[in-house]
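In case you want the letters, here they are:
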Amino acid sequence: MNFNICVLKGDGIGPEIVDEALKALDKVGEKFGHTFNYDERLIGGAAIDEFGVPLPQETIDACKASDSVLLGAVGGPKWDHIEPSTNRPERGLLGIRKELNLFANLRPAKLWAPLADACPLKPERLGDGLDLVVCRELVGDVYFGKKWRDEAGAGHDDMNYSTPEVERIARVAFDMARKRRGKVTSIDKANVLETSRVWRETVQRIAAEYPDVETDYLYVDNGAMQLVLNPSQFDVILTGNLFGDILSDEASCITGSVGMLPSASLSDTKLGMYEPIHGSAPDIAGQNIANPIATILSAAMMLRYSFDLAEEADAIENAVASVLEAGHRTGDIAKAGEKKLTCTEMGDLICAAI
Ligand SMILES: NC(=O)C1=CN([C@@H]2O[C@H](COP(=O)(O)OP(=O)(O)OC[C@H]3O[C@@H](n4cnc5c(N)ncnc54)[C@H](O)[C@@H]3O)[C@@H](O)[C@H]2O)C=CC1
Ligand SMILES: CC(C)CC(=O)C(=O)O
Ligand SMILES: [Mg+2]
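Everything numeric in this text was worked out from a predicted model, so none of it was measured.

1. Observations concerning the pairing of strand 1 (residues 2–10)
Piece 1. The sheet contact formed by strand 1 and strand 2 (residues 35–41) spans 7 bridges and is parallel. Residue Phe 3 lies in a different strand from strand 2, and its bridge partner there is Phe 36.
Piece 2. Crossover strand 1 to strand 2 through helix 1 (residues 14–32) is right-handed.
Piece 3. Two elements, strand 1 and strand 3 (residues 68–73), share 5 bridges in a ladder whose sense is parallel. Residue Cys 6 lies in a different strand from strand 3, and its bridge partner there is Val 69.

2. A closer look at the UniProt feature "binding site: Mg(2+)" (unreviewed entry) in the chain
Piece 1. Under the UniProt annotation, "binding site: Mg(2+)" (unreviewed entry) lies at Asp 221, Asp 245 and Asp 249.
Piece 2. Following the sequence through the fold, Asp 245 ends up in helix 9 (residues 241–254).
Piece 3. Positionally, Asp 249 belongs in helix 9.
Piece 4. Judged by C-beta crowding, with 17 C-beta atoms within 10 Å, Asp 249 ranks as partly exposed.
Piece 5. Sequence-distant contacts of Asp 249, defined by excluding residues within four places in its chain, comprise Val 258 and Ile 277.

3. Concerning the site of ligand 2
Piece 1. Neighbouring ligand 2 are Glu 90, Leu 93, Leu 94, Tyr 143, Asp 245 and Ile 277.
Piece 2. Looking at the shell around ligand 2, the element that brings in the most residues is helix 4 (residues 89–99), giving 3 residues.
Piece 3. Taken together, the residues of the shell around ligand 2 break down into 4 nonpolar, no polar and 2 charged.

Calculation notes
- Residues numbered from 1 in each chain as written.
- Chains lettered and ligands numbered in written order.
- Predicted model: local features only at pLDDT ≥ 70, side-chain atom pairs only at ≥ 80, totals over all residues.
- Pairing = 2+ DSSP bridges.
- Helix = DSSP H or I, 4+ residues; strand = E, 2+ residues; numbered from the N terminus.
- Right-handed = clockwise from strand over helix to strand, strands pointing away.
- UniProt positions renumbered as here; feature names shortened; annotations may be inferred.
- Buried ≥ 20, exposed ≤ 12 C-beta atoms within 10 Å, placed from the backbone.
- Contact = placed C-beta atoms within 7 Å.
- Near = placed C-beta within 6 Å.
- Nonpolar A, V, L, I, M, F, W, Y, C, P; charged D, E, K, R; others polar.

Put into structure tokens, the structure is as follows:
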């Protein structure tokens, strides 16, 4: 089959890690008889440099015309001086999420068995290990509220959640829990925030439609603590945009590195955007040392969710497992004294294993 993928490499390590994911897709295409066509467009800082805006209309049009989008990461110190915040590279990413109505961000976090020694938690804390999905609402919350500075110079960010916004992401989480271990933990701050009170009331109502799914409610401060104290209690974490952003980075470090976590950003159509959860890592950009696994696994999620190619997605995930099993590591997941592969070498090994 033939698939058209819009490729947004972005900034910093974005181009390096996306190149490895494209190599993996090509390898899958070769093995299973598919053709992946790539339409590369600019977003973030790279788009500001070329077009003066972080999300050019031609990028939006190309994404909408594609079967799916693969994104690296955006941002970096080169653009940090830009005012107001609505013109920064990160607004390009938020903008494309909104344009494509990607309201459901799935961030699976699992500790791969060969990486047990890269996990910072004591083995007794891990219990049955870590295998959860953060189901994060992606186009609402404080990231998309009105932003302004008043005459006194104070900054304001409006935080909003409507009932329909919470309903649709809650259904995604409950449907997913049914296919997994049957548990949803909804994380909010309903003791303080009005948005969270709407969130919790709505989740409670939707939960009643899923009596077969166990539902738990935690305030986000406790949720953050439970994640490191007893991570195996979690199956699906259902949460808002801001809390999901933070909790997923926290979950990632239990797996050894933020460079291990992929994500799928989904709407109610087949057109999704697939991206590692991390940023553009300016501190290591241009050195060919970034871990490409999160992006390669994001490409596997694209095959699974947008193209219904489960066997092909399995081929990538099994290749990652076998490369880790054989002891190959990039710097972020290597032990002291262990050989550190370059980004390209890790990509080559995964392609060979496919
Ligand atoms: N999805 C996106 O495009 C995101 C963009 N950003 C932007 O990225 C820039 C840097 O943000 P930071 O807060 O530093 O977060 P970051 O996720 O880029 O980096 C945090 C730390 O993790 C390391 N890291 C990240 N990805 C890695 C990988 N694949 N392999 C090895 N190490 C990796 C970095 O070297 C750094 O030490 C900022 O401009 C920020 O706004 C941040 C988060 C998400
Ligand atoms: C622009 C940011 C909201 C990106 C980010 O940190 C994320 O989605 O994880
Ligand atoms: Mg983040």
